[in-house]
Every structure is written in structure tokens, then in C-alpha cells.
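Residues per chain are reported as follows:
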Amino acid sequence: MSSSDAIVKEEDEEVVVGPSSSTSERKPSWQKLRRYDSLDFESRKLHGHDDDHSYAKENNWSVILHLAFQSIGIVYGDIGTSPLYVFSSTFPGGIKHNDDILGVLSLIIYTITLIPVIKYVFIVLKANDNGEGGTFALYSLICRYAKVGLIPNAEVEDREVSNYQLSLPNEREKRASRIQSKLEKSHFAKVFLLFATMLGTSMVIGDGVLTPCISVLSAMGGIKEATPAMTEERTVWASVGILVCLFMVQRFGTDKVGYTFAPIIFVWFALNASIGVYNFIKYDPAVLKALNPNYIIQFFQRNKMDAWISLGGVVLAITGTEALFADVGHFSVRSIQLSMSAITYPALICAYVGQASFLRKHNDLVSDTFYKSIPGGLYWPMFVVAVSASIIASQAMISGTFSIIQQSLSLGCFPRVKVVHTSDKYEGQVYVPEINYLLMLACVGVTLGFKNTTQIGNAYGIAVVFVMTLTSSFLVLIMVMIWKTHILFIITYILTIGTVELVYLSSVLYKFDQGGYLPLAFAAALMTIMYVWNSVFRKKYFYELNHKITSEKLNEIVSTTNFRRIPGIAFFYSELVQGIPPIFKHYVDHVPALQSVLIFITIKSLPVSKVPVDERFLFRKVEAKEIDVFRCVVRYGYTDVRTEHESFEKILLERLEEFERERVRADSKEENGVLDGRVEKDESCNEEEEDNYKAIGRIEEARKDGVVHLVGESEVVAKKGASFGKRIMINYAYSFLKRNLRQSDQVFGIPRMRMLKVGMTCEL
């Protein structure tokens, strides 16, 4: 039971149950429990909410400082190692005019300030979904506000979840309602939003492949300056060895990896800033003239088309920025804001200013700016730190990839894989073994295939800018519909940040045939998998919805069939939230036996990052003859742990008994006492109330007799006359994915010795 008060409303009578032990800290979450006779309504249960953990994560400065330190090693490795290759990628043909250096430096400074700092740190991070970030977090916010989900399993009760509520800064309702109405009425808009989310997610995962390749190859390239014996081939194989080691340590988790990597990245930033200041003072302090944006205009006037093409190199200065948002669930908004503003941003500006000062005196050394600008005595220490930092740079996108896979998995957009939560101390830190090994194989393949950073850099730019542009598009929708931001601010955002990102996107797409096709190829492969899984998942859901069994049909089945009554409890799992799934009739037709207590369980993911434990289980008593039948909906957020420390079975049965006691109290005309957790029966109770008390006893007895788990395993096939494409998608692609990935019993930790799989064929 929740510690907060609750009101149970039955007909026109209200009964207060569960006196609160403490109401001084926060107001209780009030809810009403109504009884319905139709399974078309979703189940219900009284519940409360406890958000102390999330409050501490965002407001306890000791926790914030710890997370800020960890984030240095996890989030900023990618953007922090950009000085290795930005100037060489921007001037692949050499420097034609000395002031071009000022123009490029001005572009770098304003791009870093505008995109990572202003856009992400101070705007996009505010669009987190209860602490979670990434493309799916933005999509989930939109789905909660507007009914744009393609599966009809949303219920009114979902909005009563504490984390579901959205704060609205002001009252610009008219514009927001108009946009919301258009989205909800347009099937094309719903499909497009899901498609865009999948595409953005696929691009970020592709980014997780390219980041390790370009970072490690760039750092290892420096050794050729010291020893000519280190050929390109040897450099490539050394890079492959480093990449394999990096992916092998992922299983230890973000927490341990973060504390290991953070000191190295901190030293990296300190050395870069120090060398930058040294070069700035020694070579050309006048380089600060680049703060005047007029040098950008002059750069384009002198170089025209070449200047536009060179933007593909400048954009590499902000690679890894999406990790700020994707990895926010591993840390917190304030910790990332603190580490970015106090450490990362100043160090990067110093590094680029120092390199520009060096190039003003050494135009001919632009192809290897980073290593040539290092003072002689620091070369080898800097090389070691650079290699270490490049290894760590990959961590940001790898961690972000794990988070995104977890989100897409929970929202039905990715096949089932194992998600390991690696930290009991900090939520959101996950490891996905299958994805880790696939990323490793992809990184090794790209490194051996391209062997240099030029073409990888072209591919990298497309992935980075495309995801940024998509994030801006979703953010504008959130500004309009949810935040209800002033229209002038929205227009300013579009004209500044939106325009800059579109210009960069047009530049990187120009190099499509020079390696730029790689992220699109990755995205196409991932989107095919996601589309197949999500499409068949939706078709299967609609099939079950159209063939569901009502409570009337349930009573007909029970009364017209000679069942054998078996002592015990049966858990029957299904994805349907309304009605009883059709596979139940298939079961009773072949096995004429039923346990005395039958519970239909639906595992449901909400478009919210976390569902408080006290609000996770919803129950309803189904009016059935001779047996006790309950409907239970178990709701999870897309970052919730699906396996509890305690047995899922034990927790569910405890909550069921609580629900029955509350239901009995609500049905009683007079308040009954509670003794040792059991309901005291009043002598004046009528026949219906008597049966209610007996039901509680039957549940307790059935629990002692044992529990069996009935898992529905529906085989899906394309119906006769289906198109060739549908037959390929359902009969081959989906079936292949389903056979080779984790089964539902593995996801929820169902004991195999007490599990019975029930199969049937669905023609879609």
C-alpha cells in the first residue's frame, strides 16, 4: 500500500482508506478506483509516488559534482578530440590566404558557442523526459501530449502516472491546440514522426560506429611523425587492436569506465588549453580578431564554393554534441551543464585559438596541425594522452547508443535484446551485449575498409549534422505544443540555429560519394530492422484487438465447457490492454483445465522514461463464474528495469492481495477493521460481500498451491493473397529476427520450470 491517503469511490459513496503516515513533505497522489463490468476498460489500482531519488540526482550538489566528474570521461571524449583533425579536414588543399585562418577560427568559435552550448546545454537539455535524452525522449514527449502513437493502447489512466504530467510554462493554448489537432488527425504525420525518430536513432547508432574509427585513427597517425617504420598498414592494425579492447571493457559499465576515463580526459583538456595558450602568446596574439564575424564573410567572399565545401571540416568541431543529450540519462542535466561550461568549452576554445595562432606562422603545416603545434618536449606525453583520449572519445557515442537501443526496445521499435543495468547507484547506466559486439565488428570493418580519416570524416559529418537538424525539428514542435514558447523566440531559433544547421547539412551532403554514403547505409540497415519489427508488432496487436474475448464470451466459455478445476494461480501473458487475448480460447480448446485463480497480465510500455513502482500495477476484477479472474496491466517506462530485485511474481501477488482488500473495503457498507494484514469480516455483510471475503482467502490458498506462467507465443504468417513485399516482411524478415533474438520469458525472468508456452498462428 502507498503511504499516502487514497479515496475509493463506489457508486456515490466515498470511503477513505490507508491513513497517511506523513503528509508534510509532499501532497498525496489522489486517484479514484471505479469498477467496470467490461474488459474494454483498462485495469486500475490505487497508488502513490516517490520521486526522492530523481530529486537528489538533480539537487544534491555532492551527487552533481560526482556525475559532472564522470561525464568528463563519458560525454566529452568525442568533441574533446576534435582538435586532432578539424583544421586539416577544413583545409585539405592547403591554406590559400592567411586571413582564411581567421575566418575558419571565427566559424569554429561561433559554431561551438551556438550549437553545443546555447542549443544543447541551455535549450535541448530542458526537453529531457524525466532525465532521459535522445531522439526517442523527444518523440515520447510529443506522444504524451498528442495522440500520435500508432498502437491504440493509450488509456486515460496513463495520464495519472506522476511522471506523465507535462509542465506548461504559459497559456498560449490556441496555437498549440491547432498543431496538436492537425497531428492527431493526420495518419501521414503520425507515420512521418515515427519514421523520423527511427531515422534519427539509426543515425546516432551509425555515429557510434564512426566515432571510434576516426578518433583512434587520427591519434595513432601521430606516431608516423616520430618513427617512419610505423607504416599506414601497421597504424590501421594497431587501431583495430585498440578498438577491440575498448569494446571489451564496456561490460564493466559506465560507472566504473567513467571514473577510469575522467582523469585522462581532464588531463587532455588541461594540456590542450595550456598548449593553446602557449602557442597563442608565442605566435600571434592578434588571432583574437577572429571574434569579429566579419572575417567569416570575407572568407566566403574570397573562396566562394570552396568555402562552402570546407564547412564539412568545420562541423567536425562539434562532433559528439548529440552525446550531451543522448547521455543525459547516465548523469543529470545540471552535471552536464556544469562540466561543459566550466571545463570543456574553455579548453576547446583555447586549443583552437592556439592552433590558429600556430598556423598563421606555418601555413604549410596544416595537414598535421595538431602534432606540429606541440612544443618539442611535450610530444611523446601528448601522443600518449591523445591516444588515450581518442579511445575514450568513442565512449560517449557507445554509451549513447546503449541508451537509445533501450528506449527503442521499450517502445516496440527494436527487436528484444538483453539490457544490463550496470550501476545500482546511478539510474540509466546500461550495457547491451549484443549491440556492443555488433558495434565492435562494424568499427573494425570500417577501419580496415577505409584505412584513413578523410573519407570517414566525410561520413561522420553527415551523421552528426543530420541528427542535429532532426533534434531541432522535434524541439520546435515541443516549443509550440508543450512549452508554448513565445512565437518570436521560436522564429529566432529557426532563423539562427536552424539556418546554420541546414547550411552545414548542405555542405556535408556534397561529399556523399566520398564516404558520405556510409552513415546512410548504416541507417538504411537499422531502419529496415526497426521498420519490420515495429510494423509486424502493430499488425499483430490489431489482430488480437479485433479477435479479443469479452467478459460475456469468457463466461460462455467457462459455463459451456467441462473444465477440470486445478488448484493454484495461472499468469497468462499478453500484449493486449483491452479484453482477453484470442490465444486464451485456443488454450482452453486444447487443454480443458483452468486454475482456480486466473490473472491476465499485460506488460505495457508508456511514452515516459520511468513509472514509479507504486504506480506500476493496475488491477481489475473480471466478473466470471466459478473462477476468480483478474486483469493486470504492468506499466514500465522506456528506461525502467524490467527485472526487479524481488521476484516479479511475488510483487504482483502482493499487489493483487492489496487490491482485493481495498476492493472489499470499498464494497462494504460499513468500515471493516484490519487485523494482521487480513480483512475482518462484519457479521451483517450480505451474500455478495461474503463472496468478496472468500475471494481473498481463495487467492491466499491458491498462492500456496503454486503459480504457473502461461506465455503466448503467436506465430505470424502473411494471409493468403498478401502482396509479395508483405510476405517477405512477415514470413521471412520478422520470423528471422524473432527466432534469433531473446524470447519474452527471458526478458521478464519467468522461471522455466513453471512456464508453459501456448502457441497459435495469426494470419496478418
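Worth saying up front: this structure is predicted, and the values here are computed from it rather than measured.

J.: So, the nonpolar core: which residues are in play, and what are the values?
T.: Formed by 159 residues in total, the largest nonpolar core has its most connected members in Ile108, Trp268, Tyr352 and Tyr371. The element best represented in this core is helix H19 (residues 453-483), accounting for 19 residues. Counting 34 residues, the second-largest nonpolar core is a separate cluster that includes Ile549, Phe563, Phe584 and Ile730.

J.: Outline the pattern of salt bridges, supporting the account with residue identities and numerical values.
T.: Per the counting criterion, the structure on display carries eleven salt bridges. The shortest N-O distance in the salt bridge between Glu501 and Lys119 comes to 2.5 Å. Taken together, the positions of Glu501 in helix H20 (residues 487-509) and Lys119 in helix H5 (residues 99-121) put the pair 382 residues apart, joining distant regions of the chain. For the residue pair Glu501 and Lys119, the accessibility class agrees, reading buried in each case. Between Glu700 and Arg661 there is a salt bridge; the shortest N-O distance is 3.6 Å. Of the two residues, Glu700 is situated in helix H25 (residues 687-705) and Arg661 in helix H24 (residues 648-667); the sequence distance between them amounts to 39 residues. Of the two residues, Glu700 and Arg661, neither departs from the other in class, the shared state being buried. Connected through salt bridges with shared partners, the residues Glu657, Arg661, Glu700 and Arg703 form a single ionic network.

J.: Go over the packing of aromatic side chains, please, and point to the residues and values.
T.: Taken as a whole and assessed by the stated rule, the structure comprises 18 aromatic pairs. With 5.6 Å between their ring centres and 85 degrees between their planes, Trp380 and Phe383 make a pair best called edge-to-face. With a gap of three residues between them, Trp380 and Phe383 both fall in helix H17 (residues 379-410), about one helical turn apart. In this structure Trp380 comes out as partly exposed when scored by relative accessible area, which is 45%.

J.: Give me the sheet that holds strand E8 (residues 628-636): which residues, what numbers.
T.: Across the sheet, six strands lie side by side as E7-E8-E6-E5-E11-E12; this open sheet has mixed pairing. In this open sheet, the two edge strands, each paired with only one partner strand, are strand E7 (617-622) and strand E12 (755-763). Ignoring which end each strand starts from, the neighbouring axes of this sheet average 25 degrees apart. Sheet topology note: the strand E5 (residues 564-574)/strand E11 (residues 707-717) ladder contains five bridges and is parallel. When the sheet's bridge partners are listed, Ala570 is paired in E11 with Val708.

Thresholds, definitions, all that
- Residue positions are counted from 1 within each chain, in the order its sequence is given.
- Where totals are concerned, whole chains, interfaces and linings use all residues; where local detail is concerned, this predicted model gives features only for residues with pLDDT of at least 70, and gives and counts side-chain atom pairs only at 80 or more.
- Hydrogens and waters are ignored; side-chain quantities use all the structure's heavy atoms.
- We define a nonpolar core as any set of buried Ala, Val, Leu, Ile, Met, Phe, Trp, Tyr and Cys residues linked to one another through side-chain atoms lying within 4.5 Å.
- Each residue is assigned to one of three classes by its accessible area relative to the maximum for its type, calculated with a 1.4 Å probe on protein chains only: buried under 20%, partly exposed between the two thresholds, exposed over 50%.
- We count a stretch as a helix when DSSP gives it H or I for four or more residues in a row; a strand needs E for two or more, and each element gets its number in order from the N terminus.
- What makes a salt bridge here is a side-chain nitrogen of Lys or Arg within 4 Å of a carboxyl oxygen of Asp or Glu, nothing more.
- Classification of ring pairs rests on two measures: the distance between centres of Phe, Tyr or Trp rings, Trp counted by its six-membered ring, which must be within 6.5 Å, and the angle between planes, read as stacked under 30 degrees, edge-to-face over 60 and tilted in between.
- Criterion used throughout: strands pair if DSSP finds at least two bridges between them.
- An axis is simply a line fitted to the C-alpha atoms; with a helix, the fit covers only the stretch in contact. Between two such axes, the angle follows the N-to-C directions and lies from 0 to 180 degrees.

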